[in-house]
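Per-entry structural report
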Amino acid sequence: MDEKENVQTNFIRNIIDADLASGKHTSVYTRFPPEPNGYLHIGHAKSICLNFGIARDYNGKCNLRFDDTNPDKEEEEYMHAIMEDVRWLGFEWTEEKHASDYFDQLYMFAVKLILDGKAYVDSQSAEDIRNTRGTLKQPGQESPFRNRDIQESLGMFQRMKEGEFTDGEHVLRAKIDMASPNINMRDPVLYRIKRTHHHRTGDDWVIYPMYDFTHCLSDAIEGITHSICTLEFEDHRPLYDWVLDEAGTPCHPQQIEFARLQLKYTVTSKRKLHQLVHDNHVDSWDDPRMPTISGMRRRGFTSASIRDFCDRIGVTKKDSFIEMAVLENSAREDLNEHALRVMAVLKPLKVTIENYPDDQVEMLEAQNHPQHPEMGTREVPFAKTIFIEREDFMEDAPKKFFRLTVGREVRLRYAYYVTCTDVIKDDSGEVIELICSYDPETRGGDSPDGRKVKGTIHWVSVQHAIDAKINLYDRLFTHPDPGSAENFIEHMNPDSLIKLEQCKLEPSLAEADPGKHYQFERTGYFVRDSHEEALVFNRTVTLRDTWAKIDKQNA
RNA sequence: UGGGCCGUCGCCAAGCGGUAAGGCACCAGGUUUUGAUCCUGGCAUUCGGAGGUUCGAUCCCUCCCGGCCCAGCCA
C-alpha cells in the first residue's frame, strides 16, 4: 500500500499519547463492535479505520466484536458480510469476539450486583417503567419493587434465567438514582426476558443483557484500553463507568466518543438503508449507489481510497457533513495512479474516414498509463470506420469547443489527425454519421510539420469494437441531507442510475477482470460489474471535467 | 438554570497563552496526444458574539447566541 505516512493526529490519539506518556497504559487495545443487524457502510469505515488504525500505529491490538445481545434483529448473514468488509478494507482483527461469548460471565456480574444491593428485579410492565422514568425535566419515580429483598431478587433473577416467566414479565434493573438528571442513570434495565433464538447461543438463554450492561463489561473482559464510540453514547458514559465500578472489574477501559460520519447527499442510518433495500428503491445492499462498503466496492471504489478518505476527514466531536467531493477526490487520486487507460465510447457516433483505404487495419500503439511507461503499451486496431463519442461533435460549436465540428481538425488519440468534412443526418435531422478525411502523415498522433490541434478525442474501430452495457451512477439523493427530510424517499435522484447499452469498447476489454480498475479515457473510472455474467461496467466516478464547467457557465 | 456535547475559510481540520498548518472546493496561470494528470500562484489581519484576566488570548474566565444528542424491556 502506498498510502501517505503522515498520519493525521486527532484528539483520541492525543489522549492515547498522554496515557502512554503518563504510564497509565503501556500498550493500546481497541475494538470495532458492530451489531450484526445490517451491512457495514461508509460511516462504519470511519470507525474501522480509527480503531484498527490506532492499533496498527501504536503496535497495539484491535478486536472485532459482534455486539449480539438482541437476537430479534441479528443474523449470521450480516456477521459474514461484516467480516468480509473489514478484511476488504485492509484490516485484520486480533481476535474475533462476540458479546454472546460472555453471557455466563455477564450473568455472574449481574448476580454480584444483586447481592451488593445494586440491582433488583422489577416486576412492573414496560409501560409502567416508561411512565415512571420521568421526563427530560422531571425526575422519575422509584419502582415499588425497588427495595425488594436481595434474596428475593436473586431468586427471581435465577428463575428468569430458568425460563419460569414470560417475556416482559420482569426485568433486572440497576439501582442508581431515579432523580438523576441523566435519564440513563434512572435505574436502567440490565436484563430482559426474550424468547428468541440466538444465532450463536441457540435457545440456551431466555434472558438477554442490554447494551449498557454488556458493552462495558465486554470491553473490560477483553482488556480494551480505549473504547471508542460515537457521540450519542456520551450520556451513557456515567453508566458505563458505574457498571464497571460496581462490577469491580480489574480493568476499566476509557470510553471516548467522536462524531459519526455524515456524508452529503446520502443516508447512513441503518433503518433507512434497510428501507431502501426492502422497498426495492435500490437493487440490493451492494447496489453500487448504496453507501455500504459492499456497494462502494462494487461501484469501483478501492479500499485504499476509502482509507484515504477516512484519513482526510479527521476525527473530532463536531457534528459535520462531508462533501461528496472529498470522497470523489480520494477515489480519483488512487484510481489515477493505478487504473489502466483504455478507450471506450459510451454514446457512439459513426465516423467514416473517406480517404482511408477500405480494407486496411492498422495496429496502433497506445500507452496503458501516460505517467507510468512501466505499465506498458497495447495495440489498438484502427480502420476506415470508427465510433467517436456523440458529445465530441457539435454542429454549431462555440469557439471554445476544441472537439469536432465541420471544418475543424482534431487528433484521434494514438491515431491520426482528422478533419470533419461532412455530416449525414436522418429524416428527423439527427446527425447519424460523420465524414472525415485524415492526414496520413500524422500516424500515431504527431504531425511532422508541427501544426497543433486543440482537441484529442477517443475512438473505437467499428469492426473491432466489442459491445458492453455501462451503468452511470450519480448521487442517490438530490437533497444534501435526505435523512433530515420528512420523507427521504421523495428526495431520491431519478438519475442516480443511467443504463447505457451498446457502448463500444476497444477489444482489449473483452476479458476485463471484475477486480480491475480502468480509466476510460476522457470519461471516467470504471470497473467491470462483479455480479453480471455479460460485459457490464460500472462508473465509479467521472474525471474532473473543466469543459463541462465552462459549458455550464456559457449556458 | 433538566443533563450532556459542540461552534477556527464554502466543506472538513491543525492549533493546547506568543501573535491562524493542511486537505477538499473554488479562482488565475504553465506543461500536456485524456479540456485528465502534473506544476505554480491566489484564497481567514481573523478564530459564533460581547466583556474580562494578561505585556500578549483561537487558546484562561464570565455572560450571551447558535447547533446536536438523551425519556427502547434497540445498539
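Residues numbered from 1 in each chain as written. Chains lettered and ligands numbered in written order. Predicted model: local features only at pLDDT ≥ 70, side-chain atom pairs only at ≥ 80, totals over all residues. Heavy atoms only, no water.

With that out of the way, let us pick up the domain arrangement of chain A. When cut into domains, chain A gives domain 1 (11-100 + 213-322), domain 2 (103-209), domain 3 (344-458) and domain 4 (469-554). Averaged C-alpha coordinates put domain 1 and domain 4 at centres separated by 29 Å. Listed per partner, the contact involves 20 residues of domain 1 and 23 residues of domain 4. For the domain 1 and domain 4 pair, buried surface summed over both sides reaches about 2,000 Å², with 63% attributable to carbon and sulfur atoms. The interface formed by domain 1 and domain 4 contains one salt bridge. The salt bridge partner of Arg 298 is Asp 529, with a shortest N-O separation of 2.9 Å. Our count for the domain 1 to domain 4 interface comes out at eight residue pairs in polar contact (both at pLDDT 80 or more). It is helix 9 (residues 270-278) that provides the largest number of residues to the side of domain 1 that touches domain 4, a total of four residues. Grouping the constituent residues of the side of domain 1 that touches domain 4 by class yields eight nonpolar, five polar and seven charged. (Domains from an automatic or database assignment. Contact = heavy atoms within 4.5 Å. Buried area = accessible area lost by both parts, 1.4 Å probe. Salt bridge = Lys/Arg side-chain N within 4 Å of Asp/Glu carboxyl O. Polar contact = N/O pair within 3.5 Å; in protein donor to acceptor, adjacent residues only side chain to side chain. Helix = DSSP H or I, 4+ residues; strand = E, 2+ residues; numbered from the N terminus. Nonpolar A, V, L, I, M, F, W, Y, C, P; charged D, E, K, R; others polar.)

Scanning the entire structure with this criterion turns up 41 salt bridges. Note that Asp 358 and Lys 384 form a salt bridge whose closest N and O atoms lie 3.3 Å from each other. With Asp 358 in the loop between strand 12 (348-353) and strand 13 (362-367) and Lys 384 in the loop between strand 14 (377-382) and strand 15 (385-389), this pair connects stretches of sequence that are 26 residues apart. Relative accessible area serves as the criterion here: at 55%, Asp 358 is assigned to the exposed category. Glu 521 is the salt-bridge partner of Arg 413, the closest N and O atoms lying 2.0 Å from each other. Taken together, the residues Arg 413 in the loop between strand 16 (409-412) and strand 17 (417-425) and Glu 521 in the loop between strand 23 (517-520) and strand 24 (524-528) connect sequence positions 108 residues apart. Look at Arg 413 and you get partly exposed, because its relative accessible area is 22%. Linked through salt bridges whose partners overlap, the residues forming this network are Arg 31, Arg 65, Asp 219 and Glu 222. (Buried < 20%, exposed > 50% of the residue type's maximum accessible area, 1.4 Å probe, protein only.)

Below, the discussion takes up the protein's contact with RNA strand B. Among the 70 residues in the neighbourhood of RNA strand B, the closest are listed as Lys 318, Arg 413, Gly 444, Arg 544 and Thr 546. In RNA strand B, atoms within 4 Å of the protein come 66% from sugar and phosphate. In the environment of RNA strand B, a phosphate oxygen lies 2.8 Å from a nitrogen or oxygen atom belonging to the backbone of Phe 321. The backbone of Arg 522 places a nitrogen or oxygen atom 3.0 Å from a base oxygen of RNA strand B. Secondary-structure elements contributing two or more residues to the surface near RNA strand B are helix 5 (126-131), strand 6 (189-193), helix 11 (303-313), helix 12 (324-338) and helix 13 (546-554). Per-class residue counts for the surface near RNA strand B are 23 nonpolar, 20 polar and 27 charged. (Near = heavy atom within 4 Å.)

Notably, Tyr 265 is not glycine yet its phi reads approximately 65°, a positive angle. Mapped onto the elements, Tyr 265 comes out in the loop between strand 9 (254-258) and helix 9. Phi at Asn 280 takes a positive value of approximately 60°, unusual for a residue other than glycine. Within the secondary structure layout, Asn 280 lies in the loop between helix 9 and helix 10 (293-299).

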